[in-house]
There are 2 protein chains.
Amino acid sequence: MTVLTRDREKPCILIIDDESQIRHFLRISLKTDGYELLEAENGETGLGLCARYSPDLVILDLGLPDMDGSEVLAGLREWSSVPVIVLSVRDREQEKVQALDLGANDYVTKPFGVDELLARVRTQLRSYNKGDHPSASGMSAIFDVGALHIDLPMRQILVDGEPVKLTPKEFAVLKVLLLASGKIVTQSQLLKDIWGPTHTSDTHYLRILIGRLRQKLGDDPTEQCYIQTEPGVGYRFLGIS
Amino acid sequence: MTVLTRDREKPCILIIDDESQIRHFLRISLKTDGYELLEAENGETGLGLCARYSPDLVILDLGLPDMDGSEVLAGLREWSSVPVIVLSVRDREQEKVQALDLGANDYVTKPFGVDELLARVRTQLRSYNKGDHPSASGMSAIFDVGALHIDLPMRQILVDGEPVKLTPKEFAVLKVLLLASGKIVTQSQLLKDIWGPTHTSDTHYLRILIGRLRQKLGDDPTEQCYIQTEPGVGYRFLGIS
DNA sequence: CATCTTTTTAACGAACTTTTTACGCTCTCC
DNA sequence: GGAGAGCGTAAAAAGTTCGTTAAAAAGATG
């Protein structure tokens, strides 16, 4: 199952709550604050939506019809570290402690003020985005192949331990190839991604750039060590299966 | 001044509260849960302790004698990203919103249950340790690189022991680069952070400011000692691995 | 209101990227 | 075998970006 595409500009929030009034109420508040929304009225669909769309934050009501809210939380924490704000009508301290220790990031007691909830949402999203959580961006961005060490977020490339300087376009091409590791990336796709949709036919740009890239990476085009060319189609990065 | 050593096994919590009963009460609860403690009864010593010992978490009372709690929070957030749990007797929603948007990670209204507070402490420490926060791994707000000594909370910079005056914008840029030590900071990000979102394209502002900064810090752009430029992308501060 | 500091604007040379142009190579297909 | 398409390399030309300097404008200070 692949991650379905969604607007990556707006932060996406999943609401799991059975009360339609609360969902309605949250929907209006959150949408006007510029969030994209997903909604589920029971734990199971909530978990499903979370798995498929990997939202940036989950607002979870503890009182659900099909399963206990803490079960949902526990299930979620099996594989995801998405921030969770728990809502509950119950103000029992032990329940708060339990939810927080199960992995909730915040606990808000109903009835609550919208502004406070929105502020807590901002707080969670803020601290979540600060560290680069692997599950948020999908995969690790550090590659080690042969004498090559590539750190995408640090934008650092080492060949035999020696740092290598890449130009912006060189780096962009390498990144696209790397993120599709093993798979072929079409020439027109690379051209569209990096040069823009008006240059999808200027394949010689690519040939020259790939040449320089191979040179800088210490790659021999006759042996096709790192960057393999698929004649007539495109290029692929070899190394990680 | 270097970072003072302290027991790195136990998480260290700084309590900033003027009421000695509350401190006593928290001290007992937190110590039995295995935390190391620091205490301050006003904002100024609190900030000082935080700068010197860089605790893993701060519990901050909003009602302090010497300065407003939100001032302490704002001052702290100038240079530190340590998690902060705010305590307050006031249950006004706007105050919660303000504190959370100023950078607080949680807000607990007095009177509160110990168990809940302890659970919230655990939650903050947990999510703080997940991402690799620079200041979590022992780095403080005081930097010593080569002949350079930078004290962010004191706003003081020494080159070869000589104090150097920086303009507000120079200091802001240096701070952003420093807090992202090693990582690249995009030009547009610096421009957005310091000049505001309307100047994200005025890259020449940055070039001039970086030039002056390098000059004042005694940095040679041909040797790329402190501030390294990543052509076409942005800048990074070198020195601390 | 005058002075000093800080920020913004303008201009220019140097270094670097990207694009253009040109040429050699291999492979397929007629 | 020859023509043409696709790929790789090399070097020159064009275009950007970077760093520096200098001066004008704006803001702060007394």
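Residues numbered from 1 in each chain as written. Chains lettered and ligands numbered in written order. Predicted model: local features only at pLDDT ≥ 70, side-chain atom pairs only at ≥ 80, totals over all residues.

(A) Just the protein's contact with DNA strand C, in detail. Near DNA strand C there are 18 residues, and of these Thr167, Pro168 and Lys169 of chain A together with Thr167 and Lys169 of chain B occur at the shortest range. Among the elements of the structure, α7 (168–179) and α9 (203–217) of chain A together with α6 (168–179) and α8 (203–217) of chain B are those that each provide at least two residues to the surface near DNA strand C. Among the residues making up the surface near DNA strand C, the classes are represented as eight nonpolar, four polar and six charged. (Near = placed C-beta within 6 Å. Helix = DSSP H or I, 4+ residues; strand = E, 2+ residues; numbered from the N terminus. Nonpolar A, V, L, I, M, F, W, Y, C, P; charged D, E, K, R; others polar.)

(B) Here's a closer look at the domain arrangement of chain A. With domains assigned, chain A is organised as domain 1 (12–129) and domain 2 (165–237). If you average the C-alpha positions of domain 1 of chain A and of domain 2 of chain A, the two centres end up 43 Å apart. (Domains from an automatic or database assignment.)

(C) Structural view of the protein's contact with DNA strand D. Around DNA strand D sit 20 residues, and of these Gly211 and Thr229 of chain A together with Arg207, Gly211 and Thr229 of chain B come closest. Looking at the surface near DNA strand D, the elements with two or more residues in it are α9 of chain A together with α8 of chain B.

(D) Inspection of α9 of chain A at higher detail. Residue and element names in this part refer to chain A. Counted at 1.5 Å a residue, the expected span for α9 with its 15 residues is 21 Å, and the 21 Å between its end C-alpha atoms agrees. Residues Leu206, Ile210, Leu213 and Leu217 constitute the buried set of α9. The buried side chains of α9 occupy one side of the element, clustering within an arc of 60° when seen end-on. Turned more than 90 degrees away from the buried face of α9, the exposed residues are His204, Arg207, Ile208 and Gln215. Buried positions along α9 lie against β7 (148–151), β8 (156–159), α7, α8 (187–195), β11 (227–230) and β12 (234–237). One or two positions beyond α9, positive phi appears at Gly218, with a value near 70°. (Expected span 1.5 Å × (residues − 1). Buried ≥ 20, exposed ≤ 12 C-beta atoms within 10 Å, placed from the backbone. Arc of directions from axis to C-beta. Contact = placed C-beta atoms within 7 Å.)

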